[in-house]
Amino acid sequence: MDSPLVVICLLTVVIHLIGTLAYAARIAGVRTRRIAMSFALFNALVLVSRLSNGFLAPLIAKRVENALTSDVSTNLLLDFRLMIAASTVGVVVGVLLVPSTQRLFARVIEGMREKKSLARLALRTATPAGLRTLRDAATLPRPLHLKNLRRPQSVGWGILGANCVAQAILVTGVLASIYAGYLNPEYRVTASQLSALINGFATILLFLVIDPQLSMLTDDVVDGQLGEPAYRQAIVWISGSRLVGTLLAQAMFVPAALAIAWVANRI
């Protein structure tokens, strides 16, 4: 692995780590009963995660351009496989950090009642008091929680499957479009532009199917119809479907790239 590929993989890990940790904001909102504030924090994290993909695309595209113009042979497919694997690593690390992050977010949400500014709270993290808060919030998943991982009835297989497919599309959308340009260099600009359409479909699926389901579960907890342990279980299962989605992306990648290259040639 050369240094540009290491940078791309590290950025991929961070992007998917942030996206997974966004679920912790939902749990923190239930704990603090500050639902609107937790949704604002959740949306901010999701927005950062999804917009950060825009920074990755030029780096990956430059790697493809170098492969097309260089006489040195390179296993570009392996590079893309490593990028997808990096997304899996980011989700796994995020799931392990959810217990610590939801405790931290609970304190952030409570702190916003006083500071009234998320930016000021973020700056306070660099202070000794903020570092102590990070240290006190650090914890690992408890064995009791790991043993009780039965799927709650509040989360159906349809929702989990839809989230899995949506996450797989989000992982492969940009990567497959850029790799399609490598497979079909004559229309590589057209292929790269198709990523917006693909990711747009996945984003609509998330906002129309997954996010409303999470919101209804949150309302059920507030109304007392669903307990907090069951809600945390639901979040774990949804995070698990996100993880499976990154694995599904490995299988989808090459067929998706071939399909995009074919479409780009016939538009």
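Residues numbered from 1 in each chain as written. Predicted model: local features only at pLDDT ≥ 70, side-chain atom pairs only at ≥ 80, totals over all residues. Heavy atoms only, no water.

## Points about the overall build of the protein chain
A tally of helices and strands in the protein chain yields nine helices and zero strands. When its helices and strands are written in sequence order, the protein chain yields α-α-α-α-α-α-α-α-α. Of the accessible surface of the protein chain, which amounts to about 13800 Å², a share of 65% is contributed by carbon and sulfur atoms. (Helix = DSSP H or I, 4+ residues; strand = E, 2+ residues; numbered from the N terminus. Areas by Shrake-Rupley, 256 points an atom, 1.4 Å probe, with all protein chains shown as cover.)

## What about the nonpolar core?
If you look at the biggest cluster of nonpolar residues, it comprises 30 residues, and the most contacted ones within it are Ile60, Phe80, Met83, Leu175 and Phe253. Elements with a contribution of two residues or more to this core: helix H1 (3-32), helix H2 (35-69), helix H3 (76-115), helix H7 (157-183), helix H8 (188-222) and helix H9 (228-266). Of all the elements, H7 adds the most residues to this core, at eight residues. Beyond its immediate stretch of four places on either side in the chain, Phe253 contacts Leu77, Phe80, Arg81, Ile84, Thr172, Leu175, Ala176 and Tyr179. Formed by 28 residues, the second largest nonpolar core is a distinct cluster that contains Ala24, Leu41, Val98 and Ile235. (Core = buried A, V, L, I, M, F, W, Y, C linked by side-chain atoms within 4.5 Å. Buried < 20%, exposed > 50% of the residue type's maximum accessible area, 1.4 Å probe, protein only. Contact = heavy atoms within 4.5 Å.)

## Focus on the pattern of salt bridges
Inspection of the entire model under this criterion finds four salt bridges. Among the salt bridges present, the one from Asp79 reaches Arg63, with a minimum N-O distance of 3.0 Å. Of this pair, Asp79 sits in helix H3 while Arg63 sits in helix H2, placing them 16 residues apart in sequence. A residue is classified by how much of its surface remains accessible, and Arg63, at 13% relative accessible area, is buried. In this structure, Glu228 engages Arg232 in a salt bridge whose closest nitrogen and oxygen atoms are separated by 3.9 Å. (Salt bridge = Lys/Arg side-chain N within 4 Å of Asp/Glu carboxyl O.)

## Digging into a nonpolar patch on the surface
A surface patch of nonpolar side chains, amounting to about 310 Å² of accessible area, comprises Met1, Val6 and Leu10. As for its placement among the helices and strands, Val6 is situated in helix H1. Residue classification places Val6 among the partly exposed residues on the basis of a relative accessible area of 32%. (Patch = residues over 30% accessible without salt bridge, like charges linked within 9 Å, V, L, I, M, F, W, Y side chains within 5 Å.)

## Section: the UniProt feature "transmembrane region" (unreviewed entry) in the protein chain
In the numbering used here, UniProt assigns the feature "transmembrane region" (unreviewed entry) to residues 6-25, 37-60, 80-98, 155-179, 191-210 and 243-264. The annotated region residues 37-60 carries 100% helix and 0% strand content, and the separation between its end C-alpha atoms amounts to 35 Å. Secondary structure across residues 80-98 divides into 100% helix and 0% strand, with the first and last C-alpha atoms of the span separated by 27 Å. (UniProt positions renumbered as here; feature names shortened; annotations may be inferred.)

## Re the packing of H2 against H8
Direction vectors running N to C along H2 and H8 enclose 160 degrees, while the axes themselves pass 13 Å from each other. Taken together, H2 and H8 sit at an angle that is classed as roughly antiparallel. H2 and H8 meet at a crossing whose hand is right-handed. Between H2, through Ile35, Phe39, Phe42, Arg50, Glu65 and Leu68, and H8, the contact on the second element is made entirely by Arg188, Thr203, Leu206, Phe207, Asp211, Ser215, Thr218 and Val222. (Axes fitted to C-alpha atoms, helices over the stretch in contact; angles between N-to-C directions. Parallel < 35°, antiparallel > 145°, perpendicular 65-115°, else oblique. Left-handed = near helix turned anticlockwise from the far one by under 90°.)

## Things to note about the side chain of Thr101
Mapped onto the secondary structure, Thr101 falls in helix H3. Classification of Thr101 as buried rests on a relative accessible area of 10%. Excluding anything up to four places from it in sequence, Thr101 contacts Leu21 and Ala24.

## Re the packing of aromatic side chains
A full pass over the atoms with the stated rule returns five aromatic pairs. Relative to Trp237, the ring of Trp157 lies with its centre 5.7 Å away and its plane at 80 degrees, an arrangement referred to as edge-to-face. One end of the pair, Trp157, is in helix H7; the other, Trp237, is in helix H9, and 80 residues separate them in sequence. The structure contains a cluster of three or more aromatic residues connected by ring pairs, namely Phe80, Tyr179, Tyr182 and Phe253. (Phe/Tyr/Trp six-rings, centres within 6.5 Å; stacked < 30°, edge-to-face > 60°.)

## With respect to the environment of Leu183
Here Leu183 is to be found in helix H7. The class of Leu183 is partly exposed, set by a relative accessible area of 38%. Between the C-alpha atoms of Leu183 and Trp262, which are 79 residues apart in sequence, the distance is 9.7 Å. What Leu183 contacts, discounting residues up to four positions off in sequence, is Ala257 and Leu258.

## Examining the side chain of Arg242
Mapped onto the secondary structure, Arg242 falls in helix H9. Asp211 provides the closest opposite charge to the buried, salt-bridge-free Arg242, at an N-O distance of 8.7 Å. Polar contacts involving the side chain of Arg242 include one to the side chain of Gln167, which spans 3.5 Å. Non-local contacts of Arg242, meaning those with residues more than four positions away in its chain, are made with His16, Gly19, Thr20, Tyr23, Val91, Asn163 and Gln167. (Lys, Arg positive; Asp, Glu negative; His and termini not counted. Polar contact = N/O pair within 3.5 Å; in protein donor to acceptor, adjacent residues only side chain to side chain.)

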